[in-house]
Amino acid sequence: MSLRLICPTLAPLSTPRSNCLISSNPRPKRPLLSDLWLAYRLRWKRRRFLFRILRKRRQLRPVVDRTNSIHDKDILAFVTVRNEMERLPHFINYYRALGVDHFLFIDNDSDDGTQDYLQNQPDVSLWSTGHPYRLARFGMDWLGWLLFKYGHNHWCLTVDADELLTYPFDDTRKLQDLTKTLDRAGKRSFGAIMLDMYPKGPIGDQTYEPGSDPIKTLPYFDADNYHTKWHHYYDNLWIRGGIRARHFFADQPARAPTLNKVPLVRWDRRFVYASSMHQMLPRHLNDVFGDQAQPTGALLHTKFLPSIIAKSKEEQIRRQHFENSELYEMYYSTLINNPDLWHEGSCCYAGWQQLASLGLIQKGS
């Protein structure tokens, strides 16, 4: 299912602006002994994460388990949600159309009908928990258990409910075609930049019909202002910038959230996500932006619907998404004030070809 939108309020870019996310950032080299020592430390870190995952599995209660319907070659989606009923109908239909065969959801104490809706979907298995999201490594310990138990040797898509994956040729090729391409190339992971989508005008003044396509309400994104560097610890390319750096972290752009993710992986029980979906262990799985021959995608991030204002007020109280309390306090306070994120450089989304021409995703070879 390709997302396409023509915005009458903004003309298409006359000259594509390339972000050069790959070629301008050569990977630094480390001395051999230093690299071996780091590999040893990360191996033990991965084992500690796996131990956490095994412990945290006790916090999950099965609501409806349809995993016996999973077949060997099925593509699986893993998602943690809390009060996402307004997004879920479009989210599930979108990924069904892309080729997801089965969804494994964790509901973290929703009270808006999310759990009732999910347990009635024929291709959904559902678990619930009332334990703190933050203390489960922002849900990654819970998802790690489901990936460990059900994801082995499957291509697994791990995303948030406000993320819609787009990739080269998604208008004609399903996820099964993409994963076959990755299999032929010997790749076990696929990278994507998180692209924040937003409206023109104050966020809270927009109209959104629950269950509809959120891109119709949030058609704009920042087409440039992205910066990259290699992270020596996880040996991956960190991407920052866009609306986060421009609007929310303008005074401290180096502390803006990272936008690189590894959402699609042919899973193995030895694998773990080390920090949300931003980086993985073993670290070779992070090599997803390494060369021009490798395809990459984008996660269209639909966080900035009108409901974000009320949710930001709630999160300031719950503090379950606070990894750096000072920075995120400012982030939520900005959202509560109903900002207009649009500016003259904003670009209207028009499909994967546009993102490729801007250098934000790669077609590969």
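What counts, and at which threshold
- Residues numbered from 1 in each chain as written.
- Predicted model: local features only at pLDDT ≥ 70, side-chain atom pairs only at ≥ 80, totals over all residues.
- Heavy atoms only, no water.
- Phe/Tyr/Trp six-rings, centres within 6.5 Å; stacked < 30°, edge-to-face > 60°.
- Buried < 20%, exposed > 50% of the residue type's maximum accessible area, 1.4 Å probe, protein only.
- Helix = DSSP H or I, 4+ residues; strand = E, 2+ residues; numbered from the N terminus.
- Expected span 1.5 Å × (residues − 1).
- Pairing = 2+ DSSP bridges.
- Axes fitted to C-alpha atoms, helices over the stretch in contact; angles between N-to-C directions.
- Contact = heavy atoms within 4.5 Å.

Q: Tell me about the packing of aromatic side chains, and name the residues and values.
A: As enumerated under the stated definition, the model contains 16 aromatic pairs in all. Aromatic pair Y133 and F138: ring centres 6.2 Å apart, planes at 75 degrees, arrangement edge-to-face. Overall, the relative accessible area of 16% leaves Y133 in the buried class. You can call F138 partly exposed: its relative accessible area is 24%.

Q: Describe in detail helix α1 (residues 32–56), supporting the description with residues and values.
A: Taking 1.5 Å of rise per residue, the 25 residues of α1 would be expected to cover 36 Å, and the 36 Å separating its terminal C-alpha atoms lies within 8% of that figure. Taken as a whole, α1 has its buried residues at L38, L42, K45, R46, F49, L50, I53 and K56.

Q: So what's going on with the sheet that holds strand β14 (residues 297–301)? Residues and values would help.
A: As summarised here, the arrangement of the nine strands in space is β1-β4-β3-β2-β5-β11-β7-β14-β6, forming an open sheet in which the pairing is mixed. Every other strand in the sheet has two partners, leaving β1 (61–64) and β6 (163–166) as the edge strands with one partner each. In this sheet, adjacent strand axes meet at a mean angle of 25 degrees when their direction is disregarded. Looking at chain direction, strand β7 (residues 189–196) and β14 are connected through five bridges and run parallel. For M194, the partnering residue across the bridge sits in β14 and is L299. Packed on one face of the sheet, helix α2 (residues 88–98) meets β2 (76–81), β3 (102–107), β4 (124–128), β5 (155–158), β6 and β14 and runs near 20 degrees to β6.

Q: Tell me what's going on with unusual backbone geometry, and back it up with residues and numbers.
A: Glycine aside, the phi torsion of most residues is negative, and most peptide linkages are trans. The peptide bond linking L281 to P282 adopts the cis configuration, its omega dihedral lying at 0 degrees. Mapped onto the elements, P282 comes out in the loop between β13 (279–281) and β14. Phi at R137 is positive, roughly 55 degrees, even though this residue is not glycine. Note on placement: R137 falls in the loop between β4 and α4 (140–150). Within the chain, F138 stands out as a residue other than glycine whose phi angle is a positive 55 degrees.

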